[in-house]
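The primary structure of each chain is shown beneath.
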Amino acid sequence: MDLSVALYIVPTPIGNLGDLSPRALEVLNRVALIACEDTRHSGKLLSHFGIDTRTTALHDHNERARAQWIVERLGEGESIALISDAGTPLISDPGYHLVSHVRAAGYPVIPLPGPCAAIAALSASGLPSDRFSFEGFLPAKDKGRQDKLLALREDPRTLIFYESPHRILPSLKSLVEVLGPDRQMVMARELTKTFETFLCGTTAEVLAQVEADANQQRGEIVLMLHGFVSEEADETPAAALDTLKLLCDELPLKKAAAIAAQIHGLKKNALYKKGLELGW
């Protein structure tokens, strides 16, 4: 494969090294330079695959200054790859200023598809995926976190956040406080790794599970929440009622309502009341 003189955006594995695509491997081997968020961290990945391409550091603290230097390398005919510590660059990682600078200078930016924790988690969450909003990391301080969630409280889209182990409990408590204890959510942890875990339920239920198990407070975490559903929307979707009726043939109404609510992204109490009204 002949590489064009361009900046290549190359996703790297978020855990399982088998997720590095053949095309990504070839690009990383053939470019003249790899810009890394952390050269020591990426050095381990590159060494594992036998890649000896020259590297340079590009992170939050030097990106603006480094961007011009990279444009000069492109001007000298060098093809360059950008990688982050894990996953797709620019998704809660450095790279935005570099890409903007490269495009403004008239050079192509070529993206490769690949691993992204937010998309991988959403695809397996069971939450609505037709409309979603990726919000990155929540603010570290309580006030900032609560203000952010207040601004998103009535957003009808599925909300996706990244979170770190040392902030997971405060963030879950803020979700319960601001979005309410009954908002449906999924917490995905350590995706593609040995201890990959999905916790599903209401915000209060997921908080209780994480508080009770210290292992759930470790690793890389993705939080996903069902979008806001207006209390005025009293029409229960026919598909949800069909599911509830089928489940009620085999399960108690309370359990059936909880499962149907999870499947259709509705409130279990509302489905339970509907089931009672219908005599199920």
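About the thresholds
Sequence positions are assigned chain by chain, starting from 1 and proceeding in written order. With the structure being a predicted model, the display of local features is reserved for residues of pLDDT at least 70 and the display and counting of side-chain atom pairs for 80 or more, all residues being used for whole-chain, interface and lining totals. Each side-chain value is derived from all of the structure's non-hydrogen atoms; neither hydrogens nor water enter the calculation. UniProt positions are given in the numbering used here, feature names are shortened, and annotations may be inferred rather than shown by experiment. What counts as a helix is a DSSP run of H or I of at least four residues, what counts as a strand is a run of E of at least two, and both are numbered from the N terminus. Side-chain rings of Phe, Tyr and Trp, where Trp is taken by its six-membered ring, are said to pair if the distance between their centres is within 6.5 Å; with planes under 30 degrees apart they count as stacked, over 60 as edge-to-face, and otherwise as tilted. Each residue's exposure class comes from its accessible area (1.4 Å probe, protein chains only) as a fraction of the maximum for that residue type: buried when under 20%, exposed when over 50%, partly exposed otherwise. Only the stretch in contact is used when a helix axis is fitted, and all axes are lines through C-alpha atoms; the angle between N-to-C directions ranges over 0 to 180 degrees. Helix crossings fall into two classes, left-handed where the near helix is turned counterclockwise from the far one by less than a right angle and right-handed where it is turned clockwise. Whether two residues touch is decided by their heavy atoms; if any such pair falls within 4.5 Å, the residues are in contact. For this classification, Asp, Glu, Lys and Arg are treated as charged, while Ala, Val, Leu, Ile, Met, Phe, Trp, Tyr, Cys and Pro are nonpolar and the rest, including Gly, are polar. Patch membership requires over 30% relative accessible area and the absence of a salt bridge. Like charges are linked within 9 Å, and nonpolar side chains (Val, Leu, Ile, Met, Phe, Trp, Tyr) within 5 Å. Accessibility throughout is a Shrake-Rupley quantity obtained with a 1.4 Å probe, and a residue counts as covered only by protein chains that appear here. Here, a salt bridge means any side-chain nitrogen of Lys or Arg that lies within 4 Å of a carboxyl oxygen of Asp or Glu. Each nonpolar core is a collection of buried residues, namely Ala, Val, Leu, Ile, Met, Phe, Trp, Tyr and Cys, held together in the definition by side-chain atoms within 4.5 Å. Strand pairing follows a simple DSSP-based rule, namely that at least 2 bridges must link the two strands. Geometric relationships in this document are graded by angle, where less than 35 degrees denotes roughly parallel, more than 145 denotes roughly antiparallel, 65 to 115 denotes roughly perpendicular, and other angles denote oblique.

1. A closer look at the UniProt feature "domain: Tetrapyrrole methylase" (unreviewed entry) in the protein chain
1) Next: If you check UniProt for "domain: Tetrapyrrole methylase" (unreviewed entry), the listed places come out as residues 7-206 in our numbering.
2) Next: Taken end to end, residues 7-206 has its terminal C-alpha atoms 41 Å apart, with 38% of it in helix and 20% in strand.

2. So, the packing of aromatic side chains
1) Next: For the structure shown, the criterion picks out two aromatic pairs.
2) Next: Ring geometry for Phe134 and Tyr162: centres 4.9 Å apart, planes at 65°, overall edge-to-face. With Phe134 in strand E6 (residues 132-137) and Tyr162 in strand E7 (residues 158-163), this pair connects stretches of sequence that are 28 residues apart.
3) Next: Since its relative accessible area comes to 29%, Phe134 is described here as partly exposed.
4) Next: With a centroid separation of 5.8 Å and an interplanar angle of 65°, the aromatic rings of Phe137 and Tyr162 are classed as edge-to-face.

3. Structural notes on the packing of helix H9 (residues 238-248) against helix H10 (residues 253-264)
1) Next: At a minimum axis separation of 9 Å, H9 and H10 run at an interaxial angle of 145°. Helix-helix and strand crossings are classified by hand; for H9 and H10 the assignment is right-handed. Across the interface between the two elements, Ala239, Ala240, Thr243, Leu244, Leu247 and Cys248 from H9 touch Leu253, Ala256, Ala257, Ile259, Ala260, Ile263 and His264 from H10.
2) Next: Per-class residue counts for the contact of H9 with H10 are 11 nonpolar, two polar and no charged.

4. Here's the deal with a nonpolar patch on the surface
1) Next: Among the surface-exposed residues, Leu90, Ile91 and Tyr96 lie close enough to one another that they form a single nonpolar patch of about 260 Å² accessible area.
2) Next: Positionally, Tyr96 belongs in helix H4 (residues 96-104).

5. Considering the UniProt feature "domain: RsmI HTH" (unreviewed entry) in the protein chain
1) Next: UniProt marks residues 235-278 with the feature "domain: RsmI HTH" (unreviewed entry), using the numbering shown here.
2) Next: Its end C-alpha atoms 14 Å apart, residues 235-278 is made of 75% helix and 0% strand.

6. Considerations on the pattern of salt bridges
1) Next: Applying the stated criterion to the full structure yields 12 salt bridges.
2) Next: Salt-bridge contacts for Asp38 lead to Arg40; the nearest nitrogen and oxygen are separated by 3.9 Å.
3) Next: Taking the shortest distance from any N to any O, the salt bridge between Lys274 and Glu277 comes out at 4.0 Å. With Lys274 and Glu277 both in helix H11 (residues 268-277) and three residues apart, the pair spans about one turn of that helix.
4) Next: A relative accessible area of 25% means that Lys274 is categorised as partly exposed.
5) Next: Assessed through its relative accessible area of 58%, Glu277 is described here as exposed.

7. What to know about the nonpolar core
1) Next: In terms of nonpolar packing, the biggest core is built from 19 residues, with Phe161, Leu172, Leu175, Met185, Met187 and Leu223 touching the most fellow members.
2) Next: Looking at this core, the elements that each hand over two or more residues are helix H6 (142-152), E7, helix H7 (168-179), strand E8 (184-189), helix H8 (203-212) and strand E10 (221-225).
3) Next: Counting residues per element, this core draws most heavily on H7, which supplies five residues.
4) Next: Those residues in contact with Met187, other than ones at most four positions away along the chain, are Ile168, Leu172, Thr197, Phe198, Leu199, Val206, Val210, Gln216, Ile221, Val222 and Leu223.

8. Re unusual backbone geometry
1) Next: For Ser92, which is not glycine, the phi dihedral falls at a positive 60°.
2) Next: The topology assignment puts Ser92 in the loop between strand E4 (80-83) and H4.
3) Next: Take Ser92: its relative accessible area is 33%, and that puts it in the partly exposed class.
4) Next: Although it is not a glycine, Thr192 sits at a positive phi angle of roughly 70°.
5) Next: Here Thr192 is to be found in the loop between E8 and strand E9 (197-202).
6) Next: Owing to a relative accessible area of 27%, Thr192 belongs among the partly exposed residues under this scheme.

9. Examining the sheet that holds E4
The pairing of strands in a sheet happens through backbone hydrogen bonds and is either parallel or antiparallel.
1) Next: Pairing is parallel across the open sheet formed by five strands, whose spatial order is E3-E2-E4-E1-E5. Where the open sheet ends on each side, the last strands, each with one partner, are strand E3 (55-57) and strand E5 (109-111). For this sheet the average axis-to-axis angle between neighbouring strands, irrespective of direction, equals 25°.
2) Next: The sheet contact formed by strand E2 (residues 33-36) and E4 spans four bridges and is parallel. In the sheet register, Ile34 faces E4, and the bridge partner there is Ala81.
3) Next: Where helix H1 (residues 22-30) meets the sheet, it contacts strand E1 (7-9), E2, E4 and E5, and its direction lies at approximately 125° from that of E4.
4) Next: Packing of helix H2 (residues 39-48) onto the sheet brings it into contact with E2, E3 and E4, and relative to E3 it is tilted by some 150°.

10. Considering the packing of H10 against H11
1) Next: In contact at an axis separation of 8 Å, H10 and H11 are set at 130° when each is read in the N-to-C sense. In terms of orientation, H10 and H11 fall into the oblique class. Handedness of the H10/H11 crossing: right-handed. Only Lys268, Leu271, Tyr272, Gly275 and Leu276 of H11 make contact with H10, whose side of the interface consists of Leu253, Lys254, Ala257, Ala258, Ala260 and Ala261.
2) Next: Residue classes in the contact of H10 with H11 are distributed as eight nonpolar, one polar and two charged.

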